[in-house]
Amino acid sequence: MTHPFLDLAPLSAAHFAAIEDRVARLLGTEQDVVIMQGEALLPLEGAIRSAAGPGTVALNVITGPYGQTFGNWLRDCGAEVIDLAVPFHTAVTAEQIREAFAERPEIDFVSLVHAEAATGNTNPVAEIGEVVRAHGALFYLDAVASIGAEPVLPDAWGVDLCVIGAQKAMGGPAGVSAVSVSARAWARMSANPGAPRRSYLSLLDWKERWVDAGRKTLLHAPAQLEMLALEACVERIESEGLDAVMRRHAVAAAATRAGAVALGGGLAPYVHDASEAAPVATTLRTPPGVVASDLVARALFSDPALPLAAGGGALAKEMIRVNHYGVDATVGAVQGSLAALGAALAELGVAVDPEGARAAVESAWR
Ligand SMILES: *Cc1c(COP(=O)(O)O)cnc(C)c1O
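Residues numbered from 1 in each chain as written. Predicted model: local features only at pLDDT ≥ 70, side-chain atom pairs only at ≥ 80, totals over all residues. Heavy atoms only, no water.

Under the convention used in this document: UniProt positions are given in the numbering used here, feature names are shortened, and annotations may be inferred rather than shown by experiment.
Under the annotation held in an unreviewed UniProt entry, the protein chain carries the name Aminotransferase class V-fold PLP-dependent enzyme and is attributed to Streptomyces prunicolor. As recorded by UniProt, the Sequence similarities (unreviewed entry) comment attached to the protein chain reads in full: "Belongs to the class-V pyridoxal-phosphate-dependent aminotransferase family."

### What about the UniProt feature "domain: Aminotransferase class V" (unreviewed entry) in the protein chain?
What counts, and what does not: A run of H or I in DSSP becomes a helix once it reaches four residues, and a run of E becomes a strand once it reaches two; helices and strands are each numbered from the N terminus.
Summarizing the sequence annotation, UniProt attributes the feature "domain: Aminotransferase class V" (unreviewed entry) to residues 74-256 in the numbering used throughout. The span residues 74-256 carries 41% helix and 14% strand; its end-to-end C-alpha distance comes to 36 Å.

### Quick notes on the sheet that holds strand β10 (residues 308-310)
Basically, it comes down to this: In short, DSSP must find at least two bridges between two strands for them to pair. Throughout, a contact is declared for two residues whenever any of their heavy atoms are within 4.5 Å. Geometry is summarised by axes, namely lines fitted to C-alpha atoms with helices restricted to the contacting stretch, and by angles between N-to-C directions that run from 0 to 180 degrees.
Pairing is antiparallel in the open sheet, where 4 strands are placed in the order β8-β9-β11-β10. At either margin of the open sheet sits one strand with a lone partner, and together these are β8 (268-269) and β10. Taken together, the 2 bridges between β8 and strand β9 (residues 282-285) define a ladder with antiparallel strand orientation. Its bridge partner being in β9, Pro269 is matched across the sheet by Leu284. The strands touched by helix α10 (residues 242-263) within the sheet are β8, β9 and β11 (319-322), with β9 carrying the most contacts at an inclination of about 15°.

### Let's talk about a nonpolar patch on the surface
Which entries qualify depends on this criterion: What goes into a patch is any residue over 30% in relative accessible area without a salt bridge, connected to like charges within 9 Å or, for nonpolar side chains (Val, Leu, Ile, Met, Phe, Trp, Tyr), within 5 Å. Areas reported here follow the Shrake-Rupley algorithm with a probe of radius 1.4 Å; residue values treat only the protein chains shown as occluding. A side-chain nitrogen of Lys or Arg and a carboxyl oxygen of Asp or Glu constitute a salt bridge if their distance falls within 4 Å.
On the surface, a nonpolar cluster with roughly 400 Å² of combined accessible area is contributed by Phe5, Leu6, Leu8 and Leu225. By the element assignment, Leu6 lies in the segment before α1 (13-26).

### Topic: the domain arrangement of the protein chain
Our working definition: The domain limits used here are those given by an automatic or database domain assignment. Buried area is a sum: the accessible area each of two parts loses on coming together, probed at 1.4 Å, counted once for each and added. Here a polar contact is recorded for every N or O atom pair within 3.5 Å, except that within protein the pair must consist of a potential hydrogen donor and a potential acceptor, and residues adjacent in sequence are included only if both atoms are side-chain atoms.
The assigned domain composition of the protein chain is domain 1 (13-239) and domain 2 (242-365). The C-alpha-based centres of domain 1 and domain 2 are spaced at 29 Å. Buried surface at the junction of domain 1 and domain 2, both sides included, amounts to about 1800 Å², of which 65% is carbon and sulfur. In this structure, the connection of domain 1 to domain 2 is made through 0 salt bridges. At the junction of domain 1 with domain 2, the criterion picks out 7 residue pairs in polar contact (both at pLDDT 80 or more).

### Things to note about the site of the ligand
Rules: Residues are classed as near a molecule or strand on a simple rule: at least one heavy atom within 4 Å of it. Each residue receives one of three labels: charged for Asp, Glu, Lys and Arg, nonpolar for Ala, Val, Leu, Ile, Met, Phe, Trp, Tyr, Cys and Pro, and polar for the others, Gly being one of them.
By nearness alone, every residue bordering the ligand is listed as Glu39, Leu44, Tyr66, Val113, Ala115, Ala117, Asp142, Val144, Ala145, Gln167 and Lys168. Here an oxygen atom of the ligand and a side-chain polar atom of Tyr66 are 2.7 Å apart. In this structure, an oxygen atom belonging to the ligand sits 2.7 Å away from a side-chain N or O atom of Lys168. Expressed as a share of its isolated accessible area of 370 Å², the protein-covered part of the ligand is 81%. Of the residues that constitute the shell around the ligand, the class distribution is 7 nonpolar, 1 polar and 3 charged.

### Comments concerning helix α12 (residues 331-347)
The α-helix winds at 3.6 residues per turn, so residues separated by three or four positions along the chain end up facing the same way. Threshold: Expected span of a helix, by definition, is 1.5 Å for each gap between consecutive residues, and there is one gap fewer than residues. We call a residue buried when its accessible area falls under 20% of the maximum for its residue type, exposed when it is over 50%, and partly exposed in between, using a 1.4 Å probe and counting protein chains only.
Helix length check: α12 (17 residues) gives 24 Å between terminal C-alpha atoms against 24 Å at 1.5 Å per residue, within 8%. When α12 is considered as a whole, its buried residues turn out to be Ala333, Val334, Gln335, Ser337, Leu338, Ala340, Leu341, Gly342, Ala344 and Leu345. Looking one or two residues past α12, Gly349 carries a phi angle of roughly 85°, positive in sign.

### Focus on the environment of Leu284
Tracing the chain through its elements places Leu284 in strand β9. The contacts of Leu284, once residues within four sequence positions are left out, are Ala260, Leu267, Ala268, Pro269, Tyr270, Glu318, Met319, Ile320, Val322 and Leu341.

### Comments concerning empty space enclosed by the protein
Heads up, the rule is: Buriedness for pockets is judged along seven lines, at least five of which must meet protein on both sides within 12 Å for an open set on the 1 Å grid over protein atoms alone, while cavities are sets there where a 1.4 Å probe fits but cannot get out, and lining residues have an atom within 4 Å of a point. Grid points are joined across faces, edges and corners, and a volume is the space filled by probe spheres set on the points.
Following the criterion strictly, the structure yields 3 cavities of 30 Å³ or more and no others. Looking at the largest cavity, its volume works out to about 50 Å³. Lining the largest cavity we find Val23, Ile164, Gly165, Ala166, Met170, Ser177, Ala178 and Leu230. Of all the secondary structure elements, the ones that give two or more residues to the lining of the largest cavity are β6 (161-165) and β7 (177-181). Here the residues of the lining of the largest cavity sort into 6 nonpolar, 2 polar and no charged.

### Brief notes about the pairing of strand β3 (residues 80-85)
Operational definition: Consider the strands pointing away from the viewer: the crossover is right-handed when the path from the first strand over the helix to the second runs clockwise.
As defined by bridge partners, strand β2 (residues 57-62) adjoins β3 across 6 bridges and the pair is classed as parallel. Bridge assignment links Ile62 to a residue of β3, and that residue is Ala85. One crossover worth recording links β2 to the parallel β3 by way of helix α3 (residues 65-76), and it is right-handed.

### Observations concerning the pairing of strand β5 (residues 138-142)
When you tally the buried positions in β5, you get 5 out of 5 residues, the bulk of the element. Relative to β5, strand β4 (residues 109-113) runs parallel, the two being bridged by 5 bridges. Paired with Phe109 across the two strands is Leu138, which belongs to β5. The parallel pair β4 and β5 is bridged by helix α5 (residues 125-134), and the resulting crossover is right-handed.

### Describing the nonpolar core
Cut-off, in case you're wondering: The term nonpolar core refers to a set of buried residues drawn from Ala, Val, Leu, Ile, Met, Phe, Trp, Tyr and Cys, joined through side-chain atoms within 4.5 Å.
Core analysis: the largest hydrophobic core is formed by 84 residues, its most contacted members being Ile35, Ile97, Tyr140, Leu161, Met170, Trp210 and Leu230. Top element by residues in this core is α1. It accounts for 7 residues. Leave out the neighbours within four places in its chain, and Leu161 touches Ala47, Ala51, Leu138, Phe139, Tyr140, Leu141, Val179, Ser180, Val181, Ala185 and Met189. The next biggest cluster of nonpolar side chains, apart from the first, holds 23 residues, and it includes Ala252, Ile320, Leu338 and Ala340.

### What to know about α5
The line we're drawing: This arc describes the spread of directions from the helix axis toward the C-beta atoms.
Taken together, the buried positions of α5 are Val125, Ile128, Gly129, Val131 and Val132. For α5, the angular spread of the buried residues around the axis is 165°, confining them to a single face. In α5, the exposed residues that point more than 90 degrees away from the buried face are Glu130 and Ala134. Contacts made by the buried residues of α5 are with α4 (94-103), β4, β5 and α6 (154-157). Backbone geometry just downstream of α5 places Gly136 in the positive-phi region, at approximately 70°.

Following this line, the structure appears as structure tokens:
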């Protein structure tokens with residue numbers, strides 16, 4: 001008896017290349033797109049180790065936990081790292097990037113996270129890209145949490161290394177990811193003696209043995225199930241329409257924000273300015289005296305399928321994440337999440353207005 005997951009025909013090189021082309025279309029890019037056979041951390045780390053080394057002066061923007069990780073990789077590669085940290089309740093501005101270049105004109109690499117699912121903010125990449133391009137630095141962007149939820153335009157924004165994963169707003173698998181690579185980025189890697197080669201982290205291996213060789217022979221057996229899932233998820237986005245998918249996420253974020261404010265009880269949007277709040281996920285600050293991880297545990301007790309989580313690390317005390325992405329970018333998931341949070345707050349003796357929250361979500365959705 002054949003099994004639907006186990007007894008598949010091998011994934012051909014031509015099929016693999018066709019999936020890459022489809023992902024490139026989603027990004028609207030003419031750059032080379034390499035699909036990496038692992039979770040997004042693989043191209044995120046591989047791209048930094050390929051492009052940076054001793055002699056690199058990197059401006060590393062920290063708007064959440066991923067920025068911290070990138071700084072550590074950059075230092076590990078021997079780069080000089082200038083960390084630009086902004087409070088998690090806000091976004092970085094193009095002006096702050098401009099000031100950093102004015103202070104250190106030798107900056108030749110900028111790393112930035114577009115949207116942070118972990119902190120709920122999103123950064124103005126188009127404006128920042130203009131500044132980075134004016135100074136000729138290489139621009140590295142983590143768009144894992146923004147792709148599918150808001151526009152990601154590597155070519156228009158001058159992004160040299162744009163990393164995406166399918167597991168957030170794309171509603172796809174976590175086991176494969178992709179990076180678009182500009183000609184400038186390839187040149188930087190080729191000139192970097194420390195760039196990984198004959199390594200799972202290597203992008204140059206994919207350039208030399210796959211892209212430049214006409215995409216005829218894969219480097220190793222591909223992650224077949226994940227590749228098929230990636231293809232199915234891009235197909236589903238194409239049939240709904242990327243704009244419609246992004247709109248669903250934007251509305252979910254606006255509705256969650258409005259609903260939380262109407263619910264009251266001291267629950268407040270964590271990101272102060274709505275224009276800096278990510279469409280992929282909405283973070284909320286708990287009222288004084290209420291521990292976020294306890295509140296989330298109570299809320300999930302009533303419905304474990306709700307897309308709720310407490311913030312990571314120290315944020316677990318004060319931050320709730322409503323992960324309204326992918327299949328959860330729906331009015332039902334938002335209503336359910338706020339109703340469960342409202343009930344959990346009421347259990348703790350906090351006065352809330354669940355009916356007001358419901359009406360606010362309903363009206364935001366219209
Ligand atoms: C989710 C996410 C990733 C991928 O990391 P996981 O924790 O494995 O999901 C990378 N970067 C950002 C900004 C993300 O939000």
